[in-house]
Amino acid sequence: MQDLVYDVHAITLTPLVEAELPQTLQWVNNPKIAKPFLRSGVVTPAKHSQWYDRIQADDTQQVFAIHLPHRGHLGNVGFKNLDARHRVGEMWIYLGEEAQGFGFGREAVDHAIRIGFEQLMLKKLYLHVARDNHAAMTLYERAGFTHDRSMRKEFLFEGQQVDVLRMALLETKWRRAKGLGPKVALMQIGRASCRERV
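Residues numbered from 1 in each chain as written. Predicted model: local features only at pLDDT ≥ 70, side-chain atom pairs only at ≥ 80, totals over all residues. Heavy atoms only, no water.

A.B. asks: Got a minute to help me understand empty space enclosed by the protein in this structure?
C.D. replies: Using a probe with the size of a water molecule, rolled over the atoms, empty space left in the structure can be pinpointed. Under the definition given, this model contains two cavities of 30 Å³ or more. Volume-wise, the second largest cavity comes out at about 40 Å³. The wall of the second largest cavity is formed by Trp-27, Val-28, Ile-33, Ala-34, Phe-37, Arg-39 and Tyr-94. Taken together, the elements giving at least two residues each to the lining of the second largest cavity come down to α1 (21–28) and α2 (31–34). (1 Å grid on protein atoms, 1.4 Å probe; cavity = no way out; pocket = protein on both sides within 12 Å on 5 of 7 lines; lining within 4 Å. Points joined across faces, edges and corners; volume = space filled by probe spheres on them. Helix = DSSP H or I, 4+ residues; strand = E, 2+ residues; numbered from the N terminus.)

Right, here's the structure in full:
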């Protein structure tokens, strides 16, 4: 895997490595972190290791660790369902409890958006958020995402069908907001740029 360090201000995003799996496992098994993102149940170390092995071989996914000097690993951010034919991808993020409330999430989201549009060459990013997760909605709205569509009874969470909101951001809108010109070159990250699924 090609090394990537994306650094603006203090936060860095680097491809998730095996040494960061124990901390990641603690986060995904922490109900305070997992519940707002509609995750439930316990992930075993074996299943977590299998997940990591799968994403290493899956060009439709990219996962990055969020780092801050002197504070270490703060959380993870990534993409899934990357589709080069339609040039779209789904984004997700979570932070450890100790890193929440300091603006690190917004900075990490901004970095991830830039990776999606400038290095994965996507035209649209989307994400899903529970309708009652107002903090996450506000974070995404401030980053430029807008409501795409409501999805009633979409996810099963703790025995209940939950409504979720799909939010989306177009590359053209993001570039205008940032005052950026059109893309002129393809840059690759990780294993490869977003490959086409057939």
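A.B. asks: How should the nonpolar core be read in this particular structure?
C.D. replies: Note on soluble globular proteins: their nonpolar side chains tend to be buried together. Ranked by internal contacts, the top residues of the largest apolar core, which has 34 residues, are Leu-13, Ile-66, Phe-79, Met-91, Ile-113, Tyr-140 and Phe-145. Only β2 (11–15), β3 (62–68), β4 (72–83), β5 (88–95), α4 (104–119), β6 (124–130), α5 (134–142) and β8 (160–170) provide two or more residues apiece to this core. Setting aside its immediate chain neighbours within four residues, Ile-113 contacts Met-91, Leu-125, Ala-143, Phe-145, Leu-169 and Trp-174. (Core = buried A, V, L, I, M, F, W, Y, C linked by side-chain atoms within 4.5 Å. Buried < 20%, exposed > 50% of the residue type's maximum accessible area, 1.4 Å probe, protein only. Contact = heavy atoms within 4.5 Å.)

A.B. asks: What is the right way to look at the packing of aromatic side chains in this model?
C.D. replies: A ring pair, where both rings are aromatic, is described by two values, the distance of the centres and the angle of the planes. Across all of its chains, the model carries five aromatic pairs by this definition. Between Trp-92 and Tyr-94, the ring centres sit 5.7 Å apart and the planes meet at 20 degrees, which makes this aromatic pair stacked. By relative accessible area, Tyr-94 is classed as buried at 12%. Centre to centre, the rings of Phe-102 and Phe-104 are 5.7 Å apart; their planes meet at 25 degrees, and the pair counts as stacked. By the ring-pair criterion, three or more aromatic residues cluster together here, those being Trp-27, Trp-92 and Tyr-94. Positioned above the aromatic ring of Phe-102 is the side chain of Arg-71, whose terminal nitrogen or guanidinium carbon lies 5.0 Å from the ring centre. (Phe/Tyr/Trp six-rings, centres within 6.5 Å; stacked < 30°, edge-to-face > 60°. Lys NZ or Arg CZ within 6 Å of the ring centre and 35° of its normal.)

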